[in-house]
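Overview (structure and organization)
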Amino acid sequence: AQSVTQLDSQVPVFEEAPVELRCNYSSSVSVYLFWYVQYPNQGLQLLLKYLSGSTLVKGINGFEAEFNKSQTSFHLRKPSVHISDTAEYFCAVSEKDSSYKLIFGSGTRLLVRP
Amino acid sequence: GAGVSQSPSNKVTEKGKDVELRCDPISGHTALYWYRQSLGQGLEFLIYFQGNSAPDKSGLPSDRFSAERTGGSVSTLTIQRTQQEDSAVYLCASSFGYQPQHFGDGTRLSIL
């Protein structure tokens, strides 16, 4: 069985500063990895996903993530955040054979301050 | 363009009543997913439809939960004899591929 750990429940950061949201996973099989963003009172929006190939994945809104198999991590980064990036961010993992069945982390609230 | 539409946006009902939640996916999307988001359990997979294939219902928490997808489009999630632990936000998503991409804004279900 897979699991996802997002150790930081909240990350405060000043506008235009860089940010990294951490995600670690555990699995005994090959996995796909995802980051979703959820704005208040809205559904989730896919930011980026790693299926195969290059371990550095670029997504929407200037976000990127790097898959590190040896450290079982998939941290999300942005070099310069905006106020509008304030939201909840969820990391998720799925088995390759059932990639529709996502296991989500508990989420990290990114709070961007002016 | 139109996104995934869910109705109602909010539903308050008494314990023991049945409820129906509706999802209109993005036109042409073959895959449809239901997830649930609750304070205690976080985000959980419920059910997955892909084209005309049999759905994967492995995430449904009890036999009080059922879902159908008519004509490969609209889906309805039904909860019978609701319990307080069913209170959550029910999220629907659709996609062309095999992973959820576009989510609706959800139905917030409150059981009194």
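The structure this text deals with has already been given above.
What this report covers is the structure whose coordinates are included nearby. (Residues numbered from 1 in each chain as written. Chains lettered and ligands numbered in written order. Predicted model: local features only at pLDDT ≥ 70, side-chain atom pairs only at ≥ 80, totals over all residues. Heavy atoms only, no water.)

A few words on the packing of aromatic side chains. All names here are of chain A. In this structure the tally under the stated criterion is 13 aromatic pairs over all chains. Their ring planes at 55° and their centres at 5.7 Å tell us that Tyr36 and Phe104 sit as a pair that is tilted. In this pair, Tyr36 sits in strand E5 (residues 31-38) while Phe104 sits in strand E11 (residues 103-104), placing the two residues 68 residues apart along the sequence. A residue is classified by how much of its surface remains accessible, and Phe104, at 10% relative accessible area, is buried. (Phe/Tyr/Trp six-rings, centres within 6.5 Å; stacked < 30°, edge-to-face > 60°. Helix = DSSP H or I, 4+ residues; strand = E, 2+ residues; numbered from the N terminus. Buried < 20%, exposed > 50% of the residue type's maximum accessible area, 1.4 Å probe, protein only.)

Contact with chain A, which involves 17 residues of that partner, is made by 17 residues of chain B. Across the interface of chain A and chain B, roughly 1500 Å² is buried in total on both sides, 54% from carbon and sulfur atoms. The largest share of the area that chain A buries against chain B comes from Leu44, Tyr100 and Phe104 of chain A, three residues that together contribute 39% of it. Our enumeration of links across chain A and chain B arrives at one salt bridge. One salt bridge connects Asp56 of chain B with Lys101 of chain A, and the closest N-O pair in it is separated by 3.7 Å. The interface formed by chain A and chain B includes 12 residue pairs in polar contact (both at pLDDT 80 or more). Elements supplying a minimum of two residues to the side of chain A that touches chain B: E5 and strand E6 (44-50) of chain A. With four residues, the top contributor of residues to the side of chain A that touches chain B is E5 of chain A. Here the side of chain A that touches chain B is built from residues that sort into 10 nonpolar, five polar and two charged. (Contact = heavy atoms within 4.5 Å. Buried area = accessible area lost by both parts, 1.4 Å probe. Salt bridge = Lys/Arg side-chain N within 4 Å of Asp/Glu carboxyl O. Polar contact = N/O pair within 3.5 Å; in protein donor to acceptor, adjacent residues only side chain to side chain. Nonpolar A, V, L, I, M, F, W, Y, C, P; charged D, E, K, R; others polar.)

Residue and element names in this part refer to chain B. Summed over all chains, the structure comprises two disulfides over all chains. Cys23 shares a disulfide with Cys92; S-S distance 1.9 Å. Residues Cys23 and Cys92 are joined by a disulfide whose S-S torsion is about -65°; by sign, that bridge is left-handed. In this pair, Cys23 is assigned in strand E3 (residues 19-24) and Cys92 in strand E8 (residues 88-95), connecting sequence segments 69 residues apart. Owing to a relative accessible area of 0%, Cys23 belongs among the buried residues under this scheme. (Disulfide = S-S within 2.5 Å.)

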